[in-house]
Amino acid sequence: RRRRRVVGARHRTPNAHRTSHTAHRTTFSRTMSAPAPTAALTLLGMGNPLLDISCVDADGALLSKYDLKLNNAILAEEAHGKLYDEMVEKYEVEYIAGGATQNSIRVAQWMSQKSGTTAYMGCVGDDKFAAQMTASCKADGVTTNYMVDASTPTGTCAVIVKDGERSLCAALNAANNYKAEHLNAPENFAFVEAAKFYYMAGFFITVSPESIMRVAKHACENKKTFMMNLSAPFIMQVPPFLSALLEALPYVDILFGNESEAVTFAESQNWETKDVKEIALKIAAMPVAEGKPSRTVVITQGCDPTIVARDGAANEYGVIPLAKEDLVDTNGAGDAFVGGFLSQLMEGADTATCCSAGNYAANKIIQESGCKCPGTPDFKP
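Nothing here was measured: the structure is a model prediction, and the numbers come from that model.

(A) Quick peek at the overall build of the protein chain. When you go through the protein chain residue by residue, the secondary structure sums to 14 helices and 17 strands. Across the 381 residues of the protein chain, 60% fall into the buried class. Expressed as a percentage of contacts within the protein chain between residues at least 6 apart in sequence, the contacts between residues at least 24 apart total 77%. Put simply, the protein chain shows about 14300 Å² of open surface, and 49% of that area lies on carbon and sulfur atoms.

What follows is the structure, encoded as structure tokens:
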């Protein structure tokens with residue numbers, strides 16, 4: 001239930017991705033679909049917008065050929081260069097607006113059912129994939145304020161599904177080129193000033209740590225709520241990414257993650273424990289910036305209870321059972337949990353209600369193919 005999508009660099013290793021993106025300075029040409037923030041804007045997400053290309057690999061041939069593992073998310077490398085074309089040519093594919101943060105914001109808007117409460121920023125190309133994502137978000141009620149890099153195609157993520165489980169392999173492309181200059185432009189920073197809650201998946205660390213810190217410090221100075229996600233083990237395993245995460249952490253009010261990410265974080269800090277509850281408590285107790293309240297740490301554990309740690313106490317919140325025959329696709333389940341959680345947090349709900357909403361949203365999403373919001377939610381707090 002907690003599986004999350006990844007964002008990465010096409011045809012690069014994680015370390016190469018880090019060193020190369022800073023050298024590639026692309027001047028952004030314009031902003032796509034950038035109306036002024038609505039008076040109702042409450043939640044702003046920033047991240048790596050990707051168009052998911054999803055297919056079912058019934059016999060596992062595609063997974064085997066490209067050495068991809070289920071329930072895993074990786075950066076695209078040289079060996080994956082032909083994966084995307086092969087999926088389109090040989091399999092029945094579905095295109096779905098994706099990227100971890102974008103998914104969570106879409107789900108939060110769906111759960112909220114209130115016009116204009118959410119917005120999202122990231123970088124796309126000037127192509128049909130970007131237009132398709134813009135239209136999808138608009139249909140979902142999310143205001144998009146994309147930076148457009150006309151020289152680079154929109155990012156994509158291969159989503160390969162087998163027996164209801166998924167493997168993710170992402171090529172960031174344009175999403176890799178988001179620049180803080182776009183965020184700092186007055187018409188764009190107006191979205192930051194208008195919002196009260198901010199959410200960013202840890203994947204955005206690989207793209208624009210400067211943007212993360214600008215928003216994090218704004219939230220701190222203005223008594224707003226800043227939230228992040230551990231997102232994937234490699235964020236803690238690649239030293240520059242871990243360093244950026246630790247720089248942002250004192251400003252994080254709520255940190256999300258799953259159990260494997262929590263254990264990897266503990267390893268990065270040389271904590272000699274794999275107990276998820278203990279790890280959540282230790283992360284919650286790490287220093288916060290001056291003026292920030294206590295940190296809350298939310299760790300999902302698949303079908304096991306969600307752990308929420310704060311102020312030296314850890315509580316568990318059960319998930320909604322689902323028969324195996326009703327499971328369609330775990331892709332985006334973790335993103336959906338966050339979206340459901342945020343939808344109630346914006347309303348001032350308590351932790352139990354936020355977790356219930358997160359579990360409700362994830363339960364609905366895993367009964368769909370991809371992160372798609374089905375009908376009108378009937379969640380009752």
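(B) Structural context of the sheet that holds strand S10 (residues 155-162). The 5 strands are arranged S4-S11-S10-S3-S5 in an open sheet whose pairing can be described as mixed. Bordering the open sheet on either side are strand S4 (72-75) and strand S5 (94-98), each of which pairs with just one other strand. Adjacent strand axes in the sheet meet at a mean angle of 25°, parallel and antiparallel pairs treated alike. With 7 bridges joining them, strand S3 (residues 50-56) and S10 adopt parallel strand pairing. Bridge pairing in S10 links Ile53 to Ala158.

(C) Expanded view of helix H7 (residues 186-194). The complete set of buried residues in H7 reads Asn188, Phe189, Phe191 and Val192. Viewed end-on, H7 has its buried residues packed into an arc of 135°, placing them on one side of the element. For H7, the exposed residues set more than 90 degrees away from the buried face come down to Pro186 and Glu187.

(D) Quick look at the pairing of strand S11 (residues 165-171). The element S11 is extensively covered by neighbouring structure, given that 6 of its 7 residues are classed as buried. Bridge count between S10 and S11: 7 bridges; the pairing is antiparallel. Along S11, the bridge assignment pairs Lys162 with Glu165. Where S10 folds back on S11, the antiparallel hairpin that results is connected by 2 residues, among which Asp163 adopts a positive phi of roughly 55°.

(E) Fine view of the packing of helix H4 (residues 100-112) against helix H13 (residues 333-345). As a packed pair, H4 and H13 sit with axes 7 Å apart at the nearest point and diverge in direction by 45°. Classified by the interaxial angle, the pair formed by H4 and H13 is oblique. Here the hand of the crossing between H4 and H13 comes out right-handed. On the side of H4, the interface is formed by Ala100, Asn103, Ser104, Val107, Ala108, Met111 and Ser112, while H13 contributes Asp335, Ala336, Val338, Gly339, Gly340, Leu342 and Ser343. In terms of residue class, the contact of H4 with H13 is built from 7 nonpolar, 6 polar and 1 charged.

(F) View of the pattern of salt bridges. Across all of its chains, the model carries 10 salt bridges by this definition. The closest approach of N and O atoms between Lys277 and Glu316, which form a salt bridge, is 3.2 Å. Linking Lys277 in helix H12 (residues 276-284) with Glu316 in strand S17 (residues 313-317), this pair joins segments that are 39 residues apart in sequence. With a relative accessible area of 30%, Lys277 lands in the partly exposed category. A salt bridge links Arg310 to Asp311; the shortest N-O distance between them is 3.6 Å.

(G) Layout of the nonpolar core. Counting 102 residues, the largest nonpolar core has Tyr178, Phe226, Phe256, Phe265, Phe341 and Leu342 as its most contacted members. It is helix H8 (residues 209-221) that contributes the most residues to this core, 6 residues altogether. Filtering out sequence-adjacent residues up to four positions away, Phe265 remains in contact with Leu230, Met236, Leu245, Leu246, Leu249, Trp271, Ile283 and Met286. Counting 14 residues, the second-largest nonpolar core is a separate cluster that includes Leu63, Ala76, Ala158 and Cys169.

(H) View of the side chain of Thr206. Within the secondary structure, Thr206 sits in the loop between strand S12 (197-201) and H8. For Thr206, a relative accessible area of 0% translates into the label buried. Polar contacts involving the side chain of Thr206 include one to the main-chain carbonyl oxygen of Phe203, which spans 2.9 Å.

(I) Geometry of the layout of surface pockets. Its volume calculated, the largest pocket comes out at about 280 Å³. As for the largest pocket, its lining consists of 19 residues, of which Ile254, Thr296, Arg310, Leu345 and Thr351 are closest to the centre. Only strand S16 (304-310), S17, H13 and helix H14 (351-365) provide two or more residues apiece to the lining of the largest pocket.

(J) Structural view of H8. A rise of 1.5 Å per residue sets the reference length of H8, with its 13 residues, at 18 Å; its end C-alpha atoms lie 18 Å apart and thus fit the reference within 8%. Residues of H8 that are buried: Pro209, Ser211, Ile212, Met213, Val215, Ala216, His218, Ala219 and Cys220.

(K) Focus on the sheet that holds strand S8 (residues 143-144). As summarised here, the arrangement of the 9 strands in space is S8-S6-S2-S12-S13-S14-S15-S16-S17, forming an open sheet in which the pairing is mixed. Each edge of the open sheet carries a strand with a single partner, namely S8 and S17. Looking at chain direction, strand S2 (residues 43-46) and strand S6 (residues 118-121) are connected through 4 bridges and run parallel. Residue pairing for S6: Gly45 is matched across the bridge by Tyr120.

Basis of the calculations
Residues take numbers from 1 onward in each chain, read along the sequence in its written order. With pLDDT at 70 or above as the cut-off, local features in this predicted model cover only qualifying residues; side-chain atom pairs require 80 or more to be listed or tallied, and sums for whole chains, interfaces and linings still use all residues. Side-chain numbers come from the whole structure's heavy atoms, not from hydrogens or water. For the purposes of this entry, the term helix denotes a DSSP run of H or I that reaches at least four residues, the term strand denotes a run of E that reaches at least two, and both are numbered from the N terminus. Note on classification: 1.4 Å probe, protein chains only; a residue is buried when its accessible area is under 20% of the maximum for its type, exposed when over 50%, partly exposed between these limits. Working rule for contacts: check all heavy atoms of both residues, and any pair within 4.5 Å makes them a contact. Using a 1.4 Å probe, the Shrake-Rupley method yields the accessible areas, and only the shown protein chains count as cover for residues. What makes two strands pair is DSSP finding at least two bridges between them. Fitting a line to C-alpha atoms yields each axis, with helices limited to the stretch in contact; the angle taken between N-to-C directions then spans 0 to 180 degrees. Regarding the arc, it is the one traced by the directions from the helix axis to the C-beta atoms. An angle counts as roughly parallel when it lies under 35 degrees, as roughly antiparallel when it exceeds 145, as roughly perpendicular when it falls between 65 and 115, and as oblique in every other case. By definition, any crossing whose near helix is turned counterclockwise from its far helix by less than a right angle is left-handed, and any crossing with a clockwise turn is right-handed. For this classification, Asp, Glu, Lys and Arg are treated as charged, while Ala, Val, Leu, Ile, Met, Phe, Trp, Tyr, Cys and Pro are nonpolar and the rest, including Gly, are polar. For this analysis, a salt bridge means a side-chain nitrogen from Lys or Arg found within 4 Å of a carboxyl oxygen belonging to Asp or Glu. As used in this record, nonpolar core signifies buried Ala, Val, Leu, Ile, Met, Phe, Trp, Tyr and Cys residues forming a set joined through side-chain atoms within 4.5 Å. Polar contacts, as used here, are pairs of N or O atoms within 3.5 Å; protein pairs need one atom able to donate a hydrogen and one able to accept it. Residues neighboring in sequence count only if both atoms are side-chain atoms. Of the grid points, spaced at 1 Å and generated over the protein atoms alone, those admitting a 1.4 Å probe that cannot get out make up cavities, while open sets with protein on both sides within 12 Å along at least five of seven lines make up pockets; any residue with an atom within 4 Å of a point is treated as lining. Grid points are joined across faces, edges and corners, and a volume is the space filled by probe spheres set on the points. Helix span is expected to be 1.5 Å times the residue number reduced by one.

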